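One letter stands for each residue in the lines below.
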Amino acid sequence: MTEVILETVLDIVKTVPILFVVYLIVGWMETRADSVVRLVTTAEPLSPLIGALVGAIPQCGFSVGCSALYCRGFLGPAALIAVFLSTSDEAIPVLLANGAENWKTVALLIVIKLVIAIAAGYFFYLFVFRTRLSEMDLPDDEVDGDEMDDMNVSCSCAACSGGSLVSFSISRTLTTCLYLLITMLILNIIVELVGTETLAKLLLEGTLLQPALCALIGLIPGCAVSVLLVELFLSGAISFGGAIAGLSAGAGFGFILLASDAPRRSEAVKIILCTYLAAVAAGVIIQLVM
């Protein structure tokens, strides 16, 4: 149990620099809302592609950072889904650490997840999330209190809080990390108590239901889940399709921040559901083909 707690703390510590930089950027954006709005709306058609490429970087903090950008109105839902689908957290380092021969698997994993993320991102961009950033209420320097109540969020940006950009970023980073730490400790302890052997027995090896079950496991927030899925794959407990489904549904700590800070909770649920369905579909197709 001590090892679980230590690993959870280390995972959170690794996200601190990324979160701090992201909140610095978010704070700067919010003090220059008009210019930023023009920029992000102009680049929005490319956002699923950019999101997929960013998510492919093997670092669990990027999904959290992109969730923060979405929650502050600077990233569209389809682009966030692309980030979630392409991210692999610790899967790539773990695969490489288990033998140099796994580099082919790593390359295939990255390429497949990029294709899934880009294809699904543009599908959701064109057919599901039709509201564009230009039509949304993005952060503004002057926000009415009643409007903020209607949005179910409180304005804590650097401009509205009256503090410096650095103090705003430190405060938001510490608050988010504390929330992540508490939540992840609870989830990781539950996974530890259940055990990997029990999970392997529940995953219905060789059936088309396995990707759906693996994707459900992938929805559990935290970098440890990606490690668990890789270990199950290397041990033969799950297929490559199951591993793809689980790793595509997994978004590190991104889901936690999305659930806690999203201005529109119904859209946050929709984002998570779309991520899950895309991951399952991809996993089933790969299991049938391979």
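Predicted model only: the values in this text are computed from it and were never measured. (Residues numbered from 1 in each chain as written. Predicted model: local features only at pLDDT ≥ 70, side-chain atom pairs only at ≥ 80, totals over all residues. Heavy atoms only, no water.)

Moving on: the nonpolar core. Residues Tyr70, Leu80, Leu85, Phe124, Leu258 and Ile271 are the most contacted members of the largest nonpolar core, which totals 72 residues. Leave out the neighbours within four places in its chain, and Ile271 touches Tyr70, Pro77, Leu80, Ile81, Phe84, Phe129 and Leu258. (Core = buried A, V, L, I, M, F, W, Y, C linked by side-chain atoms within 4.5 Å. Buried < 20%, exposed > 50% of the residue type's maximum accessible area, 1.4 Å probe, protein only. Contact = heavy atoms within 4.5 Å.)

The subject of this paragraph is the packing of aromatic side chains. The final tally for this structure, using the stated rule, is 5 aromatic pairs. For the pair Phe233 and Phe240, a centre-to-centre distance of 5.8 Å together with 55° between the ring planes defines the contact as tilted. One aromatic cluster is present, formed by Phe123, Phe124 and Phe127 through successive ring pairs. Looking at Lys270, its charged tip hangs above the ring of Phe129, at a distance of 5.0 Å from the centre. (Phe/Tyr/Trp six-rings, centres within 6.5 Å; stacked < 30°, edge-to-face > 60°. Lys NZ or Arg CZ within 6 Å of the ring centre and 35° of its normal.)

Summed over the entire model, instances satisfying the criterion amount to 1 salt bridge. Here Glu267 ties to Arg264 by a salt bridge, and the two come within 3.8 Å at their closest N and O atoms. Owing to a relative accessible area of 30%, Arg264 belongs among the partly exposed residues under this scheme. (Salt bridge = Lys/Arg side-chain N within 4 Å of Asp/Glu carboxyl O.)

Helix H12 (residues 210–218) sits mainly inside the fold: 7 of its 9 residues count as buried. Here H12 has its buried residues at Gln210, Pro211, Ala212, Cys214, Ala215, Ile217 and Gly218. (Helix = DSSP H or I, 4+ residues; strand = E, 2+ residues; numbered from the N terminus.)

Our next topic: the side chain of Ser86. In this fold, Ser86 is placed in helix H5 (residues 77–86). Classification of Ser86 by relative accessible area gives buried; the value is 3%. Reaching out from Ser86, the side chain makes a polar contact with the backbone oxygen of Ala52 at a distance of 2.9 Å. Among the polar contacts made by the side chain of Ser86, one reaches the main-chain amide nitrogen of Ala56 at a distance of 3.4 Å. When near neighbours in sequence (up to four residues on either side) are disregarded, Ser86 contacts Gly51, Ala52, Gly55, Ala56, Lys113 and Ala117. (Polar contact = N/O pair within 3.5 Å; in protein donor to acceptor, adjacent residues only side chain to side chain.)

Right, let's get into the packing of H12 against helix H13 (residues 223–234). Axis separation between H12 and H13 bottoms out at 9 Å; the angle between their running directions is 150°. Viewed along their axes, H12 and H13 adopt a mutual orientation that is roughly antiparallel. Across the interface between the two elements, Cys214, Ile217 and Gly218 of H12 pack against Val225, Leu228 and Leu229 of H13. (Axes fitted to C-alpha atoms, helices over the stretch in contact; angles between N-to-C directions. Parallel < 35°, antiparallel > 145°, perpendicular 65-115°, else oblique.)

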